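# Structural description and commentary
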Amino acid sequence: MSVLVNKDSKVIVQGFTGNEGTFHAGQMIDYGTNVVGGVTPGKGGTEHLGKPVFNSVAEAVEKAGANVSIIFVPPAFAADAIMEAAEAGIKVIVCITEGIPVADMTKVKAYISDKDCRLIGPNCPGIITSEEAKIGIMPGFVFKKGRVGIVSKSGTLTYEAADQVVKAGFGVSTAIGIGGDPIIGTTTKDALEMFINDPETDAVVMIGEIGGNLEAEAARWYKNSGSKKPVIGFIAGQTAPKGRTMGHAGAIVGGAEDTAQAKMAIMRENGINVVDSPADIGFTVAKALK
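Rules of the game
Residues numbered from 1 in each chain as written. Predicted model: local features only at pLDDT ≥ 70, side-chain atom pairs only at ≥ 80, totals over all residues. Heavy atoms only, no water. Pairing = 2+ DSSP bridges. Helix = DSSP H or I, 4+ residues; strand = E, 2+ residues; numbered from the N terminus. Buried < 20%, exposed > 50% of the residue type's maximum accessible area, 1.4 Å probe, protein only. UniProt positions renumbered as here; feature names shortened; annotations may be inferred. Contact = heavy atoms within 4.5 Å.

The next thing to look at is the sheet that holds strand 4 (residues 51–54). Strand order in this open sheet of seven strands is 3-4-2-1-5-6-7, and the pairing throughout is mixed. Each of the sheet's edge strands pairs with one partner strand only, and the pair in question is strand 3 (47–48) and strand 7 (118–120). In the sheet, strand 1 (residues 11–14) pairs with strand 5 (residues 68–71) via four bridges, with the strands oriented parallel. Bridging across to strand 5, Val11 finds its partner in Val68.

Spelled out as structure tokens, the structure:
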């Protein structure tokens, strides 16, 4: 079983005919993802990469039955693209775009709050269900089918964790890169909850970063859930100077709980197997599942 997407997901690409959309849509199709078309306003009725192009998401939903969308749209237009997908009835919206203004994301968050959809991102690598569907920019060859879920704020550490899990003799059910912006659609807790409730995910790797309280919130939820499913945690940015934005826009230490050390302490207190180095993720997963 998988979380959010699988081989039956009908995927469209918003910003289909642009450079980024073209390249990554091609990679997604090669992976075996069920891409049913794309959206580029003004180019409806044409074909691209052997798939139909639609003028709007609503048209793609109506004509191709799309239920998942991935967005490769410049920052100035990305918020509108997310809201268009939500309005059209898309169930899972993955936004890769980096640099969307916070004010725009505030509007998006309010707009989609009463819609039946799940937003992943923005500024994220996307989501992959191993050997079934890749809706994102991750290197697909790293992911092999299995029963370990991954939720990560960091793109590259998502792939690193997957590689280690596979090399330790396990595979990945679904990996969700939630994104590192201050305002995102799906939180660490949201993703962790999905994996804990998925009967075919046996353990979860949870990768966080300095800044914000998402990991602390997820850790406390995990303890209260009473779940015996092991969670292996890592926090990036342990050597970051206080008050410095590191990489992601959301990775800035504000309060006492925002530092890597504070987050790691909270995670340990709430029953999570915390590793000090990302090099120990695979080994710790193997230990937890034996």
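From this point on, the discussion continues.
Quick look at the environment of Pro75 now. Summarising the element assignment, Pro75 is placed in helix 3 (residues 75–88). For Pro75, a relative accessible area of 31% gives the class partly exposed. For the pair Pro75 and Pro101, spaced 26 residues apart in sequence, the C-alpha separation works out to 7.4 Å.

On to helix 6 (residues 188–196), then. Counting buried residues in helix 6 gives seven out of nine residues, a clear majority hidden from the surface. Looking at helix 6, one finds that the buried residues are Thr188, Lys189, Ala191, Leu192, Met194, Phe195 and Ile196.

Quick look at the UniProt feature "binding site: CoA" (unreviewed entry) in the protein now. In this structure's numbering, the residues bearing the UniProt feature "binding site: CoA" (unreviewed entry) are Thr17, Gly18, Asn19, Glu20, Lys43, Ile96, Thr97 and Glu98. Taken together, the annotated residues stretch across 82 residues and extend over separate regions, lying up to 24.5 Å apart by C-alpha. By the element assignment, Lys43 lies in the loop between strand 2 (35–39) and strand 3. Setting aside residues up to four positions removed in sequence, Lys43 forms contacts with Thr17, Val53 and Asn55. In this structure Glu98 comes out as exposed when scored by relative accessible area, which is 53%. Once residues within four sequence positions are removed from consideration, Glu98 is found in contact with Pro75 and Asn123.

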